[in-house]
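Each chain, letter by letter, is given below.
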Amino acid sequence: QVSPCHQQKNQRGGAPPAKKESILELTKMIDAKVHVKCLGGRELVGTLKGYDELVNLVLDDADEFIRDSEDPNTITDKKRKLGLIVVRGTQVSLVSPEEGMEEISNPFVGAQEE
């Protein structure tokens, strides 16, 4: 007796579902300096060496920006050297290139209505 789940899988030919295309294009930023903002306010800068589908990041020569001791919401110019680190994807809220920006089309704006 074959379970209904296995029957559905076989009816589809056993092909894996199509992978969704990610709007993140971190591949372009490999070996480039990136600025990473984390949940909780921590900010890092380093060279992006790798990432995975969960947005776990590997940064080399990473530095953490130190917060102001009197105002924890303010980032100072002081940095703390971290070296080679892994940033868990669950903590990442923003990844941006340290230098240069590239304008992309807004995926939420459709054709203009007339």
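Residues numbered from 1 in each chain as written. Predicted model: local features only at pLDDT ≥ 70, side-chain atom pairs only at ≥ 80, totals over all residues. Heavy atoms only, no water.

Draft legend 1. Representation of the environment of L84. With respect to the helices and strands, the residue L84 is situated in strand β4 (residues 75-87). Counting along the chain gives 38 residues from L84 to G46, while the straight-line C-alpha distance between them is 8.7 Å. With residues up to four places along the chain from it excluded, the contact list for L84 reads V58, L59, D60 and D61. (Helix = DSSP H or I, 4+ residues; strand = E, 2+ residues; numbered from the N terminus. Contact = heavy atoms within 4.5 Å.)

Draft legend 2. Representation of the pattern of salt bridges. Applying the stated rule across the entire model yields five salt bridges. We note a salt bridge from E25 to K28, for which the minimum N-O separation is 2.9 Å. Of the residues examined, K28 reaches a relative accessible area of 53% and is grouped as exposed. Residue D31 pairs with K49 through a salt bridge whose shortest N-O separation is 3.0 Å. Separated by 18 residues along the polypeptide, D31 in the loop between α1 (4-11) and β1 (33-38) and K49 in strand β2 (residues 43-51) bring together distant segments of the chain. For D31, a relative accessible area of 51% translates into the label exposed. Classification of K49 by relative accessible area gives partly exposed; the value is 42%. (Salt bridge = Lys/Arg side-chain N within 4 Å of Asp/Glu carboxyl O. Buried < 20%, exposed > 50% of the residue type's maximum accessible area, 1.4 Å probe, protein only.)

Draft legend 3. Spotlight on unusual backbone geometry. Notably, D31 is not glycine yet its phi reads approximately 65°, a positive angle. Backbone geometry places D61, a non-glycine residue, at a positive phi of 50°. Structurally, D61 is set in strand β3 (residues 57-67). D61 gets classed as partly exposed once you look at its relative accessible area, which sits at 38%.

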